[in-house]
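Fold and geometry: a report
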Amino acid sequence: MHNSTGDAGDRAQLRILTVGRCALLVELAEPVHVAALVAELHRWRERGELPGVEEVVPGDVTVLVDGLERPAELARRLAGWRPAAARWPEGPLVEVPVRYDGADLAEVARHWQVTEEEVGRVHSAWEYRVAFCGFAPGFGYLTGLPERYHLPRRATPRTRVPAGSVALAGGYAGIYPRSSPGGWQLIGRTDLVLFDPDRDPVALLTPGTRVRFREVGR
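Parameters at a glance
Residues numbered from 1 in each chain as written. Predicted model: local features only at pLDDT ≥ 70, side-chain atom pairs only at ≥ 80, totals over all residues. Heavy atoms only, no water. Helix = DSSP H or I, 4+ residues; strand = E, 2+ residues; numbered from the N terminus. Rg over C-alpha atoms; globule rule 2.2 N^0.38 Å. Buried < 20%, exposed > 50% of the residue type's maximum accessible area, 1.4 Å probe, protein only. Contact = heavy atoms within 4.5 Å. Areas by Shrake-Rupley, 256 points an atom, 1.4 Å probe, with all protein chains shown as cover. Lys, Arg positive; Asp, Glu negative; His and termini not counted. Charge placed at Lys NZ, Arg CZ, Asp CG, Glu CD. Core = buried A, V, L, I, M, F, W, Y, C linked by side-chain atoms within 4.5 Å. Axes fitted to C-alpha atoms, helices over the stretch in contact; angles between N-to-C directions. Parallel < 35°, antiparallel > 145°, perpendicular 65-115°, else oblique. Nonpolar A, V, L, I, M, F, W, Y, C, P; charged D, E, K, R; others polar. Salt bridge = Lys/Arg side-chain N within 4 Å of Asp/Glu carboxyl O. Left-handed = near helix turned anticlockwise from the far one by under 90°. Pairing = 2+ DSSP bridges. Arc of directions from axis to C-beta.

**Quick look at the overall build of the protein**
Each helix and strand counted, the protein has 4 helices and 14 strands in total. Here the protein has a C-alpha radius of gyration of 19 Å; the compact-globule value for 218 residues is 17 Å, and the two agree. Along the longest, intermediate and shortest principal axes, the C-alpha atoms of the protein span 55 × 45 × 30 Å. Scored against the burial criterion, the 218 residues of the protein give a buried share of 46%. Of the contacts made within the protein by residues no fewer than 6 positions apart, 59% connect residues no fewer than 24 positions apart. Carbon and sulfur atoms form 50% of the exposed surface of the protein, whose accessible area is close to 11100 Å². Distance between charge centres in the protein, computed from 27 positive and 28 negative side chains, equals 1 Å.

Dropping the structure here:
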């Protein structure tokens, strides 16, 4: 196990754990540091500096690096890493047409202190980025919503959320790729297919992908 605390200016904190013989799990203090570290690891990988690496898997505040030939060597390098100059590489842009008619539209409008008609304009005003994927195949956790518009999860989750539902929870936006239970606030729906095993790429939203929502008629 290794620990590293960044300079006061960037407040980077890392906890590096060995996972098996060929992987490291890096725990970070802030989600924004996850994005920076993933970008840095991809740059090192492209330069051939991470031989054997099979996967770099981001989470909310973690990054798993699997397939390392020399885990201890990367751990030492990460101990001196700082996120100040690192940023996501420019990922592809996906435009998502949305009908803002979700079941929780009125509740979200009350939280935001706007009208129901304004929810779509607020939500679609920002560019988002897929920070990590999880929960269900094709489900991306999208960052980019200003803190002013962060929302709590529903007190009682739904047993069934329709596929294509556009939803918010905490500081994240997301789109349900298939029908499933869920506790996020539903603000709209899209006809885009997020996950299709017969398509290349299978998942439309992958870490680093940029996302813009576009309001269409209800």
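**Focus: the nonpolar core**
Grouped together as the largest cluster of nonpolar side chains are 25 residues, with contacts concentrated most on W112, L142, I187, L205, V211 and F213. When contributions to this core are tallied by element, the ones reaching two or more residues are β6 (93–99), α3 (105–112), α4 (116–123), β7 (127–133), β10 (165–169), β11 (172–175) and β14 (210–216). Of the residues forming this core, the biggest block, 4 residues, is contributed by α3. Apart from residues no more than four positions distant in its own chain, F213 is found in contact with V96, V98, Y100, H123, S124, Y128, L142, V166 and I175. Counting residues in each nonpolar core, the second largest holds 21 residues, with L24, V34, V65 and W81 among its members.

**Regarding the packing of α3 against α4**
Where α3 contacts α4, the axes come no closer than 9 Å and their chain directions differ by 75°. Between α3 and α4, the angle is such that the two are roughly perpendicular. Of the residues in α4, those in contact with L105, A106, V108, A109 and W112 of α3 are E116, V119, V122 and H123. Among the residues forming the contact of α3 with α4, the class breakdown is 7 nonpolar, 1 polar and 1 charged.

**Overview of the environment of L50**
Relative to the helices and strands, L50 resides in the loop between α1 (31–46) and β4 (55–58). Put simply, L50 and G140 are 90 residues apart on the chain and 26 Å apart in space, counted from C-alpha to C-alpha. Contact partners of L50, with chain neighbours within four places excluded, come to L41, W44, R45 and L74.

**Overview of the pattern of salt bridges**
If you walk through the whole model with that rule in mind, you get 13 salt bridges. The shortest N-O distance in the salt bridge between R70 and E73 comes to 3.0 Å. The exposure class of R70 is partly exposed, given its relative accessible area of 43%. What emerges from the salt-bridge pattern is a single network uniting R47, E49 and R77.

**Focus on the packing of α1 against helix α2 (residues 71–79)**
Two quantities define a packed helix pair, namely the angle between the axes and the distance from one axis to the other. Contact pair α1 / α2: the axes reach a minimum separation of 13 Å and the direction vectors enclose 130°. Comparing the axis directions of α1 and α2 gives the class oblique. The way α1 lies across α2 gives a crossing that is right-handed. Contacts from L37, L41 and W44 of α1 reach α2 at L74, R77 and L78. Counted by class, the contact of α1 with α2 contains 5 nonpolar, no polar and 1 charged residues.

**Thoughts on the pairing of β4**
In β4, alternate side chains face the same way, and those of V56 and P58 are buried while those of E55 and V57 on the opposite face are not. As paired strands, β4 and strand β5 (residues 62–66) are joined by 4 bridges and run antiparallel to one another. Residue pairing across strands places P58 opposite V63, the latter belonging to β5. The loop that links β4 with its antiparallel partner β5 comprises 3 residues.

**Some words on α4**
Taken together, the buried positions of α4 are occupied by V119, G120, V122 and H123. Along α4, the residues classed as buried sweep out an arc of 165° about the axis, all on the same side. Next to the buried residues of α4 lie α3, β7, β10, β11, β13 (185–189) and β14.

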